[in-house]
Amino acid sequence: MKFRPVPSRQIASCLQKTLCHPPRRLASSNSVRIVEVGPRDGLQNEPRPISPSIKAELINRLARAGMRDIEAGSFVSPKWVPQMAGTAEVLSLVEPVANTNYSILVPNQKGLDGVLALLSGNSPPPITEIAVFTSATDGFGKANTNTTTSESLARLAPVVRSALAAGLKVRGYVSVVITCPYSGRVDPRRVRDVSRELLQMGCYEVSLGDTTGTGTPASVRAVLEEVAKDIDVNLLAGHFHDTNGTALANIQTALDFGLRTFDASVGGLGGCPYSPGATGNVATEDVVYGLTGESLYGDVREPYSDTPAINGPVWDLGSVSLPLLAETGAWISGILGRETTSRAGKAFLARKERERKLAEKAQAKL
Ligand SMILES: CC(C)(COP(=O)([O-])OP(=O)([O-])OC[C@H]1O[C@@H](n2cnc3c(N)ncnc32)[C@H](O)[C@@H]1OP(=O)([O-])[O-])[C@@H](O)C(=O)NCCC(=O)NCCSC(=O)C[C@@](C)(O)CC(=O)[O-]
């Protein structure tokens, strides 16, 4: 595990700046923060239109389920991502929950201007943060934002400055940190350099995106080892798509490495239009179960009742409720005409259904 001090003066001064806009503080060293990206990263790929009221209901349910960081949508070109076109209306329908950080993804000044216009309006939405994004490769950047990486960084620098000046926090993403659908295997040194530039601009954190979901514990560790040569792991988050079923293992690897923030998508919503075959982010329910396990079931009965408690790190996820997340994942998946891809969500709901049937039988016997 590597906890390195911030080495460069530039990063230190950027951090000083971002101290005015501190990220959510983690309560203790075993606290893990999950950033829920389903309403944006998940829904942006849906082929059929989803109404603003459904999107807002998803956000509201997630907040009620205890998610305290929710990426609520994006202000991007509707020609590029039509599904995010109604984000302003979605925000007008969000019922703010206390201590919840709602953020919006923006690609350029026009996107930020849209956010700032809403914030200066009569009933400002509860937005506290924006997220900006770039790519470790030019090929993906061209496909996603019509820019090379250096062009996008140049475009984002003034956007980040303006957002910070307006009192917003700024999170950064680097896409394709493992493999790129256009350029193949990605050089971890490139990921390190791009991440550093985002931090130097004023992002309080950089989320490393395994967009294609091809990462494995070994390749994730290799990237983290390189990135951590220059960047404090506390400034990094993991964003793992679950295309090959390795996302939770990758999260464990990143946890062992010292990362404490992970992006996830309820019901495993999502995919990527520029990454053929990529599935959604790791399901939030699976991360919650994977990190907290049997304690969530509380009254676990057979076959576990005689088994001593497992000794191991217990991660503190705050107020997150697996039952509410499982219901939310199943609800939104049903609306989208499919099953939730969350295994923990399905297992929870199956158990609940069995209990319901047993109770019904018992009632019938009376
Ligand atoms: C960046 C651009 C705009 C460049 O697109 P462009 O075509 O090069 O730029 P443009 O300036 O010529 O704009 C084209 C049109 O879009 C409008 N426009 C321009 N900007 C905006 C805006 N902010 N909001 C609304 N409209 C906008 C602009 O006004 C114009 O409209 P027209 O004059 O033709 O009617 C475009 O490529 C774009 O919007 N890309 C966004 C793509 C996107 O959202 N991808 C998904 C999010 S990233 C992601 O999912 C990865 C991540 C973060 O999850 C991590 C991971 O897993 O890797």
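Quick caveat, the model's predicted, so the values are computed rather than measured. (Residues numbered from 1 in each chain as written. Predicted model: local features only at pLDDT ≥ 70, side-chain atom pairs only at ≥ 80, totals over all residues. Heavy atoms only, no water.)

Here we look at the overall build of the protein
Then step 1. When its secondary structure is counted, the protein shows 13 helices and 10 strands.
Then step 2. Going through the 366 residues of the protein one by one, you find that 52% of them count as buried.
Then step 3. A fraction of 79% describes how many contacts in the protein between residues 6 or more apart in sequence connect residues 24 or more apart.
Then step 4. Carbon and sulfur atoms make up 54% of the accessible area of the protein, which amounts to about 16,100 Å² in all. (Helix = DSSP H or I, 4+ residues; strand = E, 2+ residues; numbered from the N terminus. Buried < 20%, exposed > 50% of the residue type's maximum accessible area, 1.4 Å probe, protein only. Contact = heavy atoms within 4.5 Å. Areas by Shrake-Rupley, 256 points an atom, 1.4 Å probe, with all protein chains shown as cover.)

What about the nonpolar core?
Then step 1. Formed by 83 residues in total, the largest nonpolar core has its most connected members in Ile130 and Val132.
Then step 2. Element by element, the count of residues in this core is highest for helix H7 (residues 149–165), at seven residues.
Then step 3. Every residue in contact with Val132, bar those within four places of it in the chain, is listed here: Val106, Leu156, Val159, Val160, Val170, Arg171, Gly172, Tyr173, Leu198 and Cys203.
Then step 4. In terms of nonpolar packing, the next biggest core, distinct from the first, is built from six residues, Leu105, Ala131, Phe133 and Tyr173 among them. (Core = buried A, V, L, I, M, F, W, Y, C linked by side-chain atoms within 4.5 Å.)

Side note on the site of the ligand
Then step 1. Taken together, the neighbourhood of the ligand is formed by 25 residues, with Lys79, Asn144, Asn146, Ser175 and Thr211 sitting nearest.
Then step 2. One nitrogen or oxygen atom from the side chain of Asp41 is found 3.2 Å from an oxygen atom belonging to the ligand.
Then step 3. Between the ligand and the protein, one listed contact pairs a nitrogen atom with a side-chain N or O atom of Asn144 at 2.8 Å.
Then step 4. For the ligand, whose free accessible area comes to 1,100 Å², the fraction covered by protein is 75%.
Then step 5. If you list the elements that add at least two residues to the shell around the ligand, you get helix H2 (38–42), helix H5 (109–119), helix H6 (138–145) and strand E5 (169–175).
Then step 6. Classifying every residue of the shell around the ligand gives nine nonpolar, 11 polar and five charged. (Near = heavy atom within 4 Å. Polar contact = N/O pair within 3.5 Å; in protein donor to acceptor, adjacent residues only side chain to side chain. Nonpolar A, V, L, I, M, F, W, Y, C, P; charged D, E, K, R; others polar.)

Some points on the confidence of the model for the protein
Then step 1. Across the protein, pLDDT averages 88, with 85% of residues at or above 70.
Then step 2. The low-confidence segment residues 1–25, where pLDDT is below 50, has 48 contacts with residues more than four positions distant or belonging to other chains.
Then step 3. Under a pLDDT of 50 for its full length, residues 299–304 has, in the predicted model, four contacts with residues more than four places off or in other chains.
Then step 4. Among the prediction metrics, the complex's ipTM stands at 0.98, with pTM recorded as 0.91. (pLDDT = per-residue confidence, 0-100.)

Comments concerning the side chain of Glu129
Then step 1. Position of Glu129 among the secondary structure elements: in strand E4 (residues 127–135).
Then step 2. Of the polar contacts made by the side chain of Glu129, one reaches the side chain of Asn101; its length is 2.6 Å.
Then step 3. Beyond its immediate sequence surroundings of up to four residues, Glu129 is in contact with Asn101, Tyr102, Ser103, Ile104, Leu168, Lys169, Arg171 and Tyr204.

As for the packing of H7 against helix H8 (residues 188–201)
Two measures define how a pair of helices packs: the angle their axes make with one another and the distance between the axes.
Then step 1. Packing of H7 against H8 leaves a shortest axis separation of 9 Å and a crossing angle of 25 degrees. In terms of axis orientation, H7 runs roughly parallel to H8. Here H7 and H8 pass one another in a crossing that is right-handed. Contacts between H7 and H8 involve Thr149, Leu153, Leu156, Ala157, Val160 and Leu164 from the first element and Arg190, Val194, Glu197, Leu198 and Met201 from the second.
Then step 2. By residue class, the composition of the contact of H7 with H8 is eight nonpolar, one polar and two charged. (Axes fitted to C-alpha atoms, helices over the stretch in contact; angles between N-to-C directions. Parallel < 35°, antiparallel > 145°, perpendicular 65-115°, else oblique. Left-handed = near helix turned anticlockwise from the far one by under 90°.)

Here's the deal with the packing of helix H12 (residues 322–335) against helix H13 (residues 343–365)
Then step 1. Two numbers describe how H12 lies on H13: the axes approach to 9 Å, and their chain directions differ by 100 degrees. Classified by the interaxial angle, the pair formed by H12 and H13 is roughly perpendicular. Touching Pro323, Ala326, Glu327 and Ala330 of H12 are Gly345, Phe348, Leu349 and Lys352, all from H13.
Then step 2. The residue makeup of the contact of H12 with H13, split by class, is five nonpolar, one polar and two charged.

Quick notes on the pattern of salt bridges
Then step 1. Tallied over the full model, the rule gives 25 salt bridges.
Then step 2. The shortest N-O distance in the salt bridge between Arg33 and Glu205 comes to 2.9 Å. Placement of the pair is Arg33 in strand E1 (residues 33–36) and Glu205 in strand E8 (residues 205–210), with a sequence separation of 172 residues.
Then step 3. The exposure class assigned to Arg33 is buried, which follows from its relative accessible area of 5%.
Then step 4. By relative accessible area, Glu205 is classed as buried at 4%. (Salt bridge = Lys/Arg side-chain N within 4 Å of Asp/Glu carboxyl O.)

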